[in-house]
Amino acid sequence: QKSLHETRNDQLFAAELEETKKEFEKYLETYPFPDDLTKSGKKKLTKKLRFDYFKKIYRKMEREKRKLKRTAKPPSTMGEGGPPRKRTKLCESSCKLRVAVDCSFDDLMTERDVSKLTKQVQRCYTLNRNLEQPLQLHITHLQDKTYRRLENIIQGYKNWDVHRHYNPLTDVFPTSQIVYLCAESDNVLEELRDDRVYVIGGFVDHNSHKGLAYQRAMEAGFGHARLPIDEFFTISTRKVLTVCHVFEIITHFSTGCSWSEAIRKTVPERKGLREKESDTEESEVVNADNLTGCEGVDINKEDTIASEEARSEEGLIEGSDDGAKKEACS
């Protein structure tokens, strides 16, 4: 049985639900289903599209439901939180560091992979929005499946404070300023400069197109670099990180963390991240061992001599026993 708040909530959104249902039917008519999709596959995809399409209004209903519950509580039980922190807009941010997500790999991804990519882009936006001085986040080459999903499915995308570009990367930034972040690059990223654009490949492929971003960067004549993971850590799995993990590492480094600290904070445990011992620590261990050995000569000298004498005596005894046995045999 529904409560009074739930009943009132359903009445408020009944008309909007009906309108959303009609809009979804029109959206479904124009949706480009793959030609080789089976009947059951089409049914599953339609179900997923319906869930994603109605997610906005369902979340809106949940927020309204929580709001009604809060207002129904007596003032004594309500929290006394302060006003929310005012977020800094990109145009007002003192940070001019530019990071771009290149969405030019749209044609190589399935709908499932595109869904994962858009969630990662959404995570990047959330991380950036919560910074006191957000980075200049760009999304380039918005097209087809990625654009359609961001525009129609991701809640609040149209209100994002982000630089959107529908043209390719080279139409937005000069080639000389582009630094493509690739795990296969031999160049190690040591610093972040405002006169460069650090590009993250917007690609979810589960290793089916290994090294493609690096190959495209080489063919286009872009600068390229990799995060300094190998300099500080060893990883038991692939060194390729998700879009949001790369962006998070950059945000940590740009806000004052060292590379090692930024990587340690971001990379999940499932990657099997292990910290390397620095040269200084290794030399200290070697020096400590040498020092202990030198000091131990005087301290343990008598014990060493005694043990050697004991071994020699044992040898003599064993030798005498063997001689006695030989005499007995003869």
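Note: the structure precedes this text.
### Observations regarding the overall build of the protein
Tallying secondary structure elements over the protein gives 10 helices and 8 strands in all. Within the protein, the proportion of its 330 residues that are buried is 35%. Across the protein, contacts joining residues at least 24 apart in sequence account for 78% of those joining residues at least 6 apart. Accessible surface for the protein amounts to roughly 21300 Å². Of this, 49% is attributable to carbon and sulfur atoms.

### Notes on the side chain of Thr146
Take Thr146: it is sitting in helix α4 (residues 144-152). With residues up to four places along the chain from it excluded, the contact list for Thr146 reads Cys103, Asp106, Met109, Val114, Leu117 and Thr118.

### Observations regarding the sheet that holds strand β3 (residues 163-164)
Taken in spatial order, the 6 strands line up as β3-β2-β1-β5-β4-β6 in an open sheet, and their pairing is parallel. Either end of the sheet is taken by a strand with one partner, and the two such strands are β3 and β6 (223-225). Two elements, strand β4 (residues 178-181) and β6, share 3 bridges in a ladder whose sense is parallel. Bridged to Val179 within β6 is Gly223. Helix α7 (residues 243-254) rests against β1 (98-102), β2 (136-140), β4 and β5 (197-201) of the sheet, and its axis sits at about 155 degrees to β5.

### Things to note about unusual backbone geometry
One can expect most non-glycine residues to show negative phi and most peptide bonds to be in trans. Here His141, not a glycine, exhibits a phi torsion of approximately 55 degrees, which is positive. Relative to the assigned elements, His141 resides in the loop between β2 and α4. A relative accessible area of 18% places His141 in the buried class. A positive phi angle is found at Asp144, which is not glycine, with a value near 40 degrees. One can find Asp144 in helix α4.

### Brief notes about the packing of helix α3 (residues 111-129) against α4
Two elements in contact, α3 and α4, have axes whose closest approach is 10 Å; the angle formed by their N-to-C orientations is 55 degrees. The orientation of α3 relative to α4 falls into the category oblique. Crossing geometry of α3 relative to α4 is assigned as right-handed. Contact residues: Glu111, Val114, Ser115, Leu117 and Thr118 in α3; Lys145, Thr146, Arg148, Arg149 and Leu150 in α4. Residue composition of the contact of α3 with α4, by class: 3 nonpolar, 3 polar and 4 charged.

### Focus: the environment of Thr170
Relative to the assigned elements, Thr170 resides in helix α5 (residues 169-172). Apart from residues lying up to four places away in sequence, Thr170 is in contact with Thr175 and Phe222.

### Some details on a positive patch on the surface
Together, Arg59, Arg63, Arg66, Lys67 and Arg70 make up a positively charged patch on the protein surface. Within the element layout of this structure, Arg63 appears in helix α2 (residues 39-72).

### Details of the packing of aromatic side chains
On inspection of all chains with the given rule, the structure shows 14 aromatic pairs. One aromatic cluster is present, formed by Phe24, Tyr27, Tyr31, Phe33, Tyr53, Phe54 and Tyr58 through successive ring pairs. Directly above the aromatic system of Phe33 lies the positively charged group of Lys42, at a separation of 5.0 Å from the ring centroid.

### Things to note about the state of the cysteines
The tally for this structure, following the rule as stated, stands at 0 disulfides. Sulfur of Cys103: no disulfide; nearest cysteine sulfur belongs to Cys124 and is 10.0 Å away. Classification of Cys103 as buried rests on a relative accessible area of 1%.

### Here's the deal with the nonpolar core
Membership of the largest hydrophobic core comes to 60 residues, with the highest contact counts inside it found for Trp160 and Tyr180. Apart from residues no more than four positions distant in its own chain, Trp160 is found in contact with Val121, Gln122, Tyr125, Ile139, Leu150, Ile154 and Gln155. Grouped together as the second largest cluster of nonpolar side chains are 12 residues, Phe24, Leu45, Leu49 and Ile57 included.

Reading the values: the criteria
- Residues numbered from 1 in each chain as written.
- Predicted model: local features only at pLDDT ≥ 70, side-chain atom pairs only at ≥ 80, totals over all residues.
- Heavy atoms only, no water.
- Helix = DSSP H or I, 4+ residues; strand = E, 2+ residues; numbered from the N terminus.
- Buried < 20%, exposed > 50% of the residue type's maximum accessible area, 1.4 Å probe, protein only.
- Contact = heavy atoms within 4.5 Å.
- Areas by Shrake-Rupley, 256 points an atom, 1.4 Å probe, with all protein chains shown as cover.
- Pairing = 2+ DSSP bridges.
- Axes fitted to C-alpha atoms, helices over the stretch in contact; angles between N-to-C directions.
- Parallel < 35°, antiparallel > 145°, perpendicular 65-115°, else oblique.
- Left-handed = near helix turned anticlockwise from the far one by under 90°.
- Nonpolar A, V, L, I, M, F, W, Y, C, P; charged D, E, K, R; others polar.
- Patch = residues over 30% accessible without salt bridge, like charges linked within 9 Å, V, L, I, M, F, W, Y side chains within 5 Å.
- Salt bridge = Lys/Arg side-chain N within 4 Å of Asp/Glu carboxyl O.
- Lys, Arg positive; Asp, Glu negative; His and termini not counted.
- Charge placed at Lys NZ, Arg CZ, Asp CG, Glu CD.
- Phe/Tyr/Trp six-rings, centres within 6.5 Å; stacked < 30°, edge-to-face > 60°.
- Lys NZ or Arg CZ within 6 Å of the ring centre and 35° of its normal.
- Disulfide = S-S within 2.5 Å.
- Core = buried A, V, L, I, M, F, W, Y, C linked by side-chain atoms within 4.5 Å.

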